[in-house]
Amino acid sequence: MFNKAYLLVAGAMIAAPAFAQTTAPASAPAAAASTAVKTGATVYDAQGGVVGTIASTDGTNAVVDTGSVKAGIALSSFGSSPKGPTLGLTKAELEAAAGQQAQASAEDFKAKMVPGATVYGTGGNELGTIKAVDSQFVTLTTPKGDVRLPVTGFGPGAKGVTIGLTDAQLAAAMGGTPKP
């Protein structure tokens, strides 16, 4: 009755059991499950307990909101029941998995916040490199010089370490204009 499916939590996939379809014909389980996974739908576990609601879906993944966490889950991970979409995890199990994944992601990001790491802006442009990091500040070396910025302004991005500033915003914060 169970197979492995994958959850996308905080940008990483984690393995989770998924239920086979109980109401759809065997020839179309994925299609039946994905059509039942719609924004606002309640998600249930195998025992019929409420896991959460579908906050959004993009046709490939759905975000399940348990009230405590939001977890991105592949549509192929959902089964269906007479009540609606189902997962092979209880609410507590999903929240624990999301917490573990968030911790792992935070540790991974912290390991990237080291001297020499390239920092990108919100536009994807390289802004500089990390010169030093302490518990409160990051010293960023830029073409205009060094600048100390709060560590809370940095986060993971598509290319690596990102800060929520554009070239122009960083230049203005440093008292100048961006280089062309």
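Residues numbered from 1 in each chain as written. Predicted model: local features only at pLDDT ≥ 70, side-chain atom pairs only at ≥ 80, totals over all residues. Heavy atoms only, no water.

Considerations on the overall build of the protein
What counts is decided by this rule: Think of it this way: any DSSP run of H or I at least four residues long counts as a helix, any run of E at least two long counts as a strand, and we number them from the N terminus. Using a 1.4 Å probe on the protein chains alone, a residue whose accessible area is under 20% of its type maximum counts as buried, one over 50% counts as exposed, and one in between counts as partly exposed. The accessible surface values rely on the Shrake-Rupley method and a 1.4 Å probe; as for residues, cover is taken only from the protein chains in view.
Secondary structure summary: the protein contains 3 helices and 14 strands in total. For the protein, the residues scored as buried account for 35% of the 180 residues in total. Accessible area of the protein: about 9,600 Å², with a carbon and sulfur share of 56%.

Here's the deal with the environment of Lys 159
In plain terms, the rule: Should any heavy atoms of two residues lie within 4.5 Å, those residues are considered in contact. Any pair of nitrogen or oxygen atoms within 3.5 Å is treated as a polar contact; in protein, a donor-acceptor pairing is required on top of that, and neighbouring residues in sequence qualify only through side-chain atoms on both sides.
Within the secondary structure, Lys 159 sits in the loop between β13 (154–156) and β14 (161–163). Given a relative accessible area of 56%, Lys 159 falls into the exposed group. When the C-alpha atoms of Lys 159 and Gly 124 are compared, they prove to be 7.7 Å apart, with 35 residues separating the residues in sequence. Excluding anything up to four places from it in sequence, Lys 159 contacts Tyr 120 and Gly 124. Of the polar contacts made by the side chain of Lys 159, one reaches the backbone oxygen of Gly 124; its length is 2.8 Å.

Thoughts on the packing of aromatic side chains
Note the following rule: In this scheme Phe, Tyr and Trp rings, the latter by its six-membered ring, pair at centre separations within 6.5 Å, and the angle between planes marks the pair as stacked below 30 degrees, edge-to-face above 60, and tilted otherwise. Charge over a ring is defined by NZ of Lys or CZ of Arg lying within 6 Å of the ring centre and within 35 degrees of the ring normal.
One pass over the full model with this rule turns up 0 aromatic pairs. Geometry around Phe 137 places Arg 148 over its ring, the cationic atom sitting 4.2 Å from the centre.

Considerations on the confidence of the model for the protein
Our working rule: Across the chain, each position has a pLDDT score giving the predictor's confidence in that residue, from 0 to 100.
Per-residue pLDDT for the protein has a mean of 81; in total, 78% of the residues score no lower than 70. Averaged pLDDT values over the elements of the protein bottom out at 43 in strand β1 (residues 2–9) and peak at 96 in strand β3 (residues 42–44). Under a pLDDT of 50 for its full length, residues 1–32 has, in the predicted model, 71 contacts with residues more than four places off or in other chains.

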